[in-house]
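Residues per chain are reported as follows:
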Amino acid sequence: MNTYELAAQLWQVLISAAHNRQVLTYELAGKPLGLGTNTLSSHLGQIQSYCERNKLPLLPILVVSKETGRPGKGFPAVDDMDAERERVFAHNWFGMKPPCADDFKLID
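Note that the structure is predicted; figures quoted are calculated from it, not measured.

**Q** Teacher, can you tell me more about unusual backbone geometry here?
**A** With glycine set apart, most residues show a phi of negative sign, and most peptide bonds adopt trans. Its identity as a non-glycine residue notwithstanding, Arg21 has a phi of 55°, on the positive side. Secondary-structure assignment places Arg21 in the loop between helix 1 (3-19) and strand 1 (24-25). The exposure class assigned to Arg21 is partly exposed, which follows from its relative accessible area of 49%. For Lys55, which is not glycine, the phi dihedral falls at a positive 55°. Take Lys55: it is sitting in the loop between helix 3 (41-53) and strand 2 (63-64).

If you want it as structure tokens, here you go:
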């Protein structure tokens, strides 16, 4: 599976977590896809770029370090992390057409 297909699958993991108001560690986010914690950053970056480009709440905010409880270094600075997380929880992710692998290719 290529990086774009993995980003599309990770999207599904993240919107399920958002629907359930869950925050996931990198380990938990990657586990359903068989991805290790060190391999998630590029896929999360693609999802983040997609969200920014489409003016959506920043879905990758739900993936955090188990040590700090915060997103990793690649996550953009936001004024209020808690408010952004609430925006993610409140958004109707299942009410929109999910991005496919080709949608993530358009970002590069």
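**Q** Please explain the packing of aromatic side chains as it appears in this structure.
**A** The full count for this structure, using the stated rule, is three aromatic pairs. Consider the rings of Trp11 and Tyr50, whose centres lie 5.4 Å apart with planes at 85°: the pair is edge-to-face. One end of the pair, Trp11, is in helix 1; the other, Tyr50, is in helix 3, and 39 residues separate them in sequence. For Tyr50, a relative accessible area of 9% gives the class buried.

**Q** Mind showing me how you'd approach the environment of Glu84 here?
**A** As for its position among the elements, Glu84 is in helix 4 (residues 81-90). Since its relative accessible area comes to 8%, Glu84 is described here as buried. Sequence spacing of Glu84 and Leu62 is 22 residues, and the spatial spacing of their C-alpha atoms is 9.8 Å. The residues contacting Glu84, other than those within four sequence positions of it, are Pro57, Leu58 and Ile61. Among the polar contacts made by the side chain of Glu84, one reaches the main-chain amide nitrogen of Leu58 at a distance of 2.7 Å.

The rules behind these values
- Residues numbered from 1 in each chain as written.
- Predicted model: local features only at pLDDT ≥ 70, side-chain atom pairs only at ≥ 80, totals over all residues.
- Heavy atoms only, no water.
- Helix = DSSP H or I, 4+ residues; strand = E, 2+ residues; numbered from the N terminus.
- Buried < 20%, exposed > 50% of the residue type's maximum accessible area, 1.4 Å probe, protein only.
- Phe/Tyr/Trp six-rings, centres within 6.5 Å; stacked < 30°, edge-to-face > 60°.
- Contact = heavy atoms within 4.5 Å.
- Polar contact = N/O pair within 3.5 Å; in protein donor to acceptor, adjacent residues only side chain to side chain.

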